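# Descriptive structure summary
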Amino acid sequence: MRAVPNWAVATAAAAPLLLVAGWTVAEARQPAGYDPIRDTISELAGQEAADAWIMITALVLLGCCYLAVAAVLHAAGLPSRFLLAVGGVATIALVAFPRPTVGGSPSHGIAATVAVLALALWPAGSALWLPRGHDTEHPGRPDPPWAFRRAVGLSATVVLLALFGWSAYEVTSGSRTGLAERVTAVAVSLWPLLAILSARRAHLTWAVGGATAIGPTLPTVGVVPPDPLGPTRGPTRGPAPRRPDRLP
């Protein structure tokens, strides 16, 4: 199991902070008619938004955080890391396809859908790829981190997909699109942090548990310990004298 670097933990922790700070500062720069409960995050980076660069910068940095975590989170397995990287690329693509002032944008909608789906499905990828618990066939192999165990990973994906469904409903026929989008975005940005903290804890536990022992383990079965009351054999002494009552 590979160690998780400190900068990766800081990067994962920065993702939700960048997201919330970005839309908070960008909302303060908008006209009075902007409603965060009704209006989406994408409008803050849209073509007619005031100081759109604030939310654009936040989205680009957020996507880079996802890519950085996917690059070093080896404990998650390749399928999950690929989905997390796809989510990061799709998040950055939201900036390349901004939402217009009037009407919708198919390119923006596709990028947003791919981003949320990839970030919602990646916990299930590690849960299905890794063993459920302790590997009895390979007892020396460390247990998977708790965030990547099957029950935990699948439960996380179910919750994130439910939030995605809520956002889709609000977009089509609801009036709280902004609220649903913000809750979903925060939820998908928090899971990489929980996953990387889980992997770091699992590595530390594995390292402390004796995986760093040096030298081979010598067999002890059938070995007779020396007699502490017997004669001492030094490096310059000959063999121990034979007792007179012992037959040759």
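Structure first, text after, so check above.
The paragraphs below set out a description of the structure included in this document. Predicted model only: the values in this text are computed from it and were never measured. (Residues numbered from 1 in each chain as written. Predicted model: local features only at pLDDT ≥ 70, side-chain atom pairs only at ≥ 80, totals over all residues. Heavy atoms only, no water.)

Glancing now at the pattern of salt bridges. Applying the stated criterion across every chain yields a total of 4 salt bridges. Of the charged contacts, one joins arginine 182 and glutamate 27 as a salt bridge, the two residues approaching to 2.8 Å between their closest N and O atoms. One end of the pair, arginine 182, is in helix H6 (residues 177-211); the other, glutamate 27, is in helix H1 (residues 6-28), with 155 residues separating them in the sequence. The class for glutamate 27 is partly exposed, based on a relative accessible area of 22%. In this structure, aspartate 39 engages arginine 38 in a salt bridge whose closest nitrogen and oxygen atoms are separated by 3.0 Å. Aspartate 39 sits in the buried class, given a relative accessible area of 10%. (Salt bridge = Lys/Arg side-chain N within 4 Å of Asp/Glu carboxyl O. Helix = DSSP H or I, 4+ residues; strand = E, 2+ residues; numbered from the N terminus. Buried < 20%, exposed > 50% of the residue type's maximum accessible area, 1.4 Å probe, protein only.)

So, about helix H2 (residues 52-72). Every α-helical turn comprises 3.6 residues, leaving residues that sit three or four positions apart pointing alike. Counted at 1.5 Å a residue, the expected span for H2 with its 21 residues is 30 Å, and the 31 Å between its end C-alpha atoms agrees. Taken residue by residue, H2 has Ala52, Ile54, Met55, Ala58, Leu59, Leu62, Gly63, Cys65, Tyr66, Val69, Ala70 and Val72 as its buried positions. (Expected span 1.5 Å × (residues − 1).)

Here the focus is helix H5 (residues 150-173). With 24 residues, H5 should reach 34 Å at 1.5 Å per residue; the first-to-last C-alpha distance of 34 Å fits that figure. Considered for burial, the residues of H5 that qualify are Gly153, Ala156, Thr157, Leu160, Leu163, Ser167 and Glu170.

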